[in-house]
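Structural overview for review
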Amino acid sequence: MIQNIFLAASSSADSLRLFDIKIINISDLSELVLRLALVIVLFFIMIHLIYSKNSNRKDYYFSFFAVGISVFLLCFLLNSVKLELGFALGLFAIFGIIRYRTDAIPIKEMTYMFIVIAVAVINALANKKVSYAELLLTNAIIVFGLWLLEKRLILRTEKEVNLTYEKIENIHVLNTEKLIEDLRNRTGINIHRFEFRDIDFLRDVAKLTVYYYENGNKKLNK
């Protein structure tokens, strides 16, 4: 009895139109809410529980969530255009050539941005030929892959710092080890390599870019 009343109410609600457009579509709205909730949970796991815990930074939270949710809603609402594959490839091409005009996005953050977009597109454009079991398995593989790469393979993130160095006598190929040791003692950073950006012998200064691993300073402090 209750089920019949619910079906009748849903049917009457679906029949309501404004300018020949349905005011509400119960089935489509339910699917949107369900998939959006799934995507938000996936983003939380990938961004907060995996990315943030291993990168120790939260400045990309806004970009990851905003871009991911926006792409999901865009793909889901335009799914009826029947341009699933071409539309998805177009999105990847657009975001692949985007370069923010402020600071360059590091490779790791750009990779996470690509994965966020991929998850949004997959969950938005998966049609009825793809079962929910297949969709959940795909999402689980992506999340597990990120966790495996971050935690089990212990991939080290290389950081860089720009410095101005005044001991010009160390700017010599024979004094490379001496230069690195001096930079380590001054900065307290376990530097493992460097690059010259500019050398000014008139002012006896050199501009360097030094590189170190994010979790590599513990050995230096011991």
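Report follows, based on the coordinates. (Residues numbered from 1 in each chain as written. Predicted model: local features only at pLDDT ≥ 70, side-chain atom pairs only at ≥ 80, totals over all residues. Heavy atoms only, no water.)

Moving on to the packing of aromatic side chains. A complete count under the given rule lists nine aromatic pairs for this structure. Look at Tyr 60 and Phe 64: their rings are 5.9 Å apart centre to centre, the planes differ by 25°, and that puts the pair in the stacked class. Look at Phe 64 and you get buried, because its relative accessible area is 0%. Each residue in the set Tyr 51, Tyr 60, Phe 64 and Tyr 112 is aromatic and connected to the rest through ring pairs, giving one cluster. Lying over the aromatic face of Tyr 211, Arg 193 brings its terminal NZ or CZ to 3.8 Å of the ring centre. (Phe/Tyr/Trp six-rings, centres within 6.5 Å; stacked < 30°, edge-to-face > 60°. Buried < 20%, exposed > 50% of the residue type's maximum accessible area, 1.4 Å probe, protein only. Lys NZ or Arg CZ within 6 Å of the ring centre and 35° of its normal.)

So, on to unusual backbone geometry. Here the phi dihedral of Asp 204 falls at roughly 60°; this positive angle occurs in a residue that is not glycine. Locating Asp 204 in the fold gives a position in the loop between β4 (191–200) and β5 (205–213). Taking the relative accessible area as the measure of exposure, Asp 204 reaches 36% and is therefore partly exposed. (Helix = DSSP H or I, 4+ residues; strand = E, 2+ residues; numbered from the N terminus.)

Take the sheet that holds strand β3 (residues 158–165) next. Read from one edge to the other, the open sheet built from three strands follows the order β3-β5-β4, with strand pairing classed as antiparallel. At either end of the open sheet lies a strand with only one pairing partner, and these are β3 and β4. Here the strands of the sheet are splayed against their neighbours by 20° on average, with no regard to which way each runs. With eight bridges connecting them, β3 and β5 associate as antiparallel partners. Looking at β5, one finds that Asn 162 is bridged to Thr 209. Each of β3, β4 and β5 touches helix α7 (residues 176–187); the most contacted strand, β4, lies at about 100° to it. (Pairing = 2+ DSSP bridges. Axes fitted to C-alpha atoms, helices over the stretch in contact; angles between N-to-C directions. Contact = heavy atoms within 4.5 Å.)

One can describe the packing of helix α2 (residues 26–55) onto helix α5 (residues 107–125) by two numbers: an axis separation of 10 Å at closest approach and a directional angle of 165°. Our classification of the angle between α2 and α5 gives roughly antiparallel. Crossing hand, α2 versus α5: right-handed. Residues Arg 35, Leu 38, Val 39, Leu 42, Phe 43, Met 46, Ile 47, Ile 50, Tyr 51, Asn 54 and Ser 55 of α2 form the contact with α5, whose participating residues are Lys 108, Glu 109, Tyr 112, Ile 115, Val 116, Val 119, Ala 120, Asn 123 and Ala 124. Taken together, the residues of the contact of α2 with α5 sort by class into 14 nonpolar, three polar and three charged. (Parallel < 35°, antiparallel > 145°, perpendicular 65-115°, else oblique. Left-handed = near helix turned anticlockwise from the far one by under 90°. Nonpolar A, V, L, I, M, F, W, Y, C, P; charged D, E, K, R; others polar.)

Now for the pattern of salt bridges. On inspection of all chains with the given rule, the structure shows six salt bridges. A salt bridge links Arg 193 to Glu 195, with the nearest nitrogen and oxygen atoms 3.4 Å apart. Residue classification places Glu 195 among the partly exposed residues on the basis of a relative accessible area of 39%. Asp 200 serves as the salt-bridge partner of Arg 203, at 3.8 Å between the closest nitrogen and oxygen. Judged by its relative accessible area of 22%, Asp 200 falls in the partly exposed class. Several salt bridges share partner residues, and in doing so they unite Glu 166, Lys 167, Asp 182 and Arg 186 into one network. (Salt bridge = Lys/Arg side-chain N within 4 Å of Asp/Glu carboxyl O.)

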